[in-house]
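Single-letter residue listing:
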Amino acid sequence: MSDLRIAVLGVGLMGADHVARITSRISGARVAVVNDYVAEKAEQVAVGIPGCRAIADPLDAIADPDVDAVVLATPGPTHEKQLLACLEHRKPVLCEKPLTTDVDTSLEVVRREAELGTRLIQVGFMRRFDDEYAGLKALLDGGELGSPLVLHCVHRNPAVPDHFDSVMTVRDSLVHEVDVTRFLFGEEITSIQIVTPTTNPAAREGLFDPQIAIMRTAGGKHVDVELFVTTGVAYEVRTELVAEKGSAMIGLDVGLVRKSAPGTWGGTITPSFKERFGRAYDTEIQRWVDAVQSGGTTGIYTDGPTAWDGYAATAVCEAGVQALQSGQPVAVDMVDRASIPGA
Ligand SMILES: NC(=O)c1ccc[n+]([C@@H]2O[C@H](COP(=O)([O-])OP(=O)(O)OC[C@H]3O[C@@H](n4cnc5c(N)ncnc54)[C@H](O)[C@@H]3O)[C@@H](O)[C@H]2O)c1
């Protein structure tokens, strides 16, 4: 089978990382086209990859006959138009989260894909491909712990850029815990409240940090998330699942524990999401490439979170933003999945 020819749109932080992984670590695929709003950026990337071209217009890159599939790593507000172009040209696409930035356009993307009767869109919620999350899911599905009851999550960053505001904590950080909750429990989230305790003095003026999100699922399960993005420490993502017959924890950073004189012990914590989830991104892209390669026979060009998962996450985050503003629990407003055949 010949290599899948991929167009990577947006070669910033994530896009450049995906280009490097496809070029050096993924089998069965190569980067054939790159595009970026800043044309020189794309040209610089293309020069370093044999057989790769830069195309100035993102929609031309999607439509190009030498492109079999697309990785969208452009900013969220551009996703809707680029996703619809992928659907129009029947090109499988791995879209970095978010699917789109508002509920209506996310739903429109879900509807348009469903009308085609095939799955072309995968959303980049990479934690589902992390060994620890996959292990936790397998443990839960195996039934040994009985039914899950409660999920405690911690999401900490050492620092965030100056433009990062309180709403971004919900849309960019909490969104991953939203997907983890739906992945582990297999249920929709029905309500969300966000509590803002005393703010860390190190946080920029106006940024509520930490924030505590409290979510409830359709089956009545409780999820709480500490979101703290100015810890000054490292990148920490921990999850504890409490179930009927026991509990389980992941993200404990217990890789190598060193003991040394004079009577100390300890290890290291990953500095950023790239190190913590690097292998998960590799697995995500490899499985997506394999699914696209076999999609001609199955009609399914994805192996992971779908457009519906992207829509659901956007809907929960939208309610989360309202909850941040009101301080009250807010019901998540979502359409019934059964009302969209094929979604
Ligand atoms: N899965 C994850 O863990 C994760 C982590 C970080 C970012 N992301 C997501 O990845 C996407 C990109 O984020 P980033 O951090 O790489 O941003 P970034 O700003 O570093 O890169 C975005 C790139 O897209 C380019 N661009 C802007 N508008 C464009 C357009 N219309 N067409 C083509 N290129 C355009 C910019 O010039 C820039 O080079 C976002 O959707 C973000 O939410 C996901």
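Every chain is numbered independently, its residues counted from 1 as its sequence is written. Owing to the predicted nature of the model, reporting of local features is limited to residues with pLDDT of at least 70; listing and counting of side-chain atom pairs is limited to 80 or more, with chain, interface and lining totals taken over all residues. The side-chain values count all of the structure's non-hydrogen atoms but skip hydrogen atoms and water molecules.

(A) Broad picture of the domain arrangement of the chain. Boundary definitions for the domains trace back to an automatic or database domain assignment. You can read the domains of the chain as domain 1 (4-126 + 277-314) and domain 2 (128-269). Here domain 1 and domain 2 have C-alpha centroids that lie 27 Å from each other. Once two parts are brought into contact, the accessible area they lose, counted with a 1.4 Å probe and summed over both, makes up the buried area. Of the roughly 1400 Å² buried at the junction of domain 1 and domain 2 (both faces included), carbon and sulfur atoms supply 60%. Between Lys or Arg on one side and Asp or Glu on the other, a salt bridge is scored when a side-chain nitrogen of the former is within 4 Å of a carboxyl oxygen of the latter. The salt bridge involving Asp131 is made with Arg279; its shortest N-O contact spans 2.8 Å. Within 3.5 Å is the distance limit for a polar contact, defined as a pair of N or O atoms, with the added protein rule that one can donate a hydrogen and the other accept it, and that residues adjacent in sequence qualify only through two side-chain atoms. Applying the counting rule to domain 1 against domain 2 returns 6 residue pairs in polar contact (both at pLDDT 80 or more). Per the convention used, a helix needs a DSSP run of H or I reaching at least four residues, while a strand needs a run of E reaching at least two, with both numbered from the N terminus. Of all the secondary structure elements, the ones that give two or more residues to the side of domain 1 that touches domain 2 are α9 (278-298) and α10 (307-326). The element best represented in the side of domain 1 that touches domain 2 is α9, accounting for 5 residues.

(B) Fine view of the nonpolar core. By nonpolar core is meant a set of buried Ala, Val, Leu, Ile, Met, Phe, Trp, Tyr and Cys residues that side-chain atoms within 4.5 Å join together. Only protein chains enter the calculation, and the probe is 1.4 Å; a residue is then buried if its accessible area is under 20% of its type maximum, exposed if over 50%, and partly exposed in between. The biggest cluster of nonpolar side chains holds 78 residues, and the ones touching the most others in it are Ile121, Leu174 and Met215. Looking at this core, the element that brings in the most residues is α10, giving 12 residues. If you count residues domain by domain, this core takes at least three from each of domain 1 (4-126 + 277-314) and domain 2 (128-269). Those residues within four positions of Leu174 in sequence are excluded, and the remaining contacts are Thr169, Ile192, Ile194, Ala213, Met215, Val225 and Leu227. Counting 21 residues, the second largest nonpolar core, distinct from the first, contains Val11, Ile26, Ala29 and Ile49. Two residues qualify as a contact provided that any one of their heavy atoms is within 4.5 Å of a heavy atom in the partner residue.

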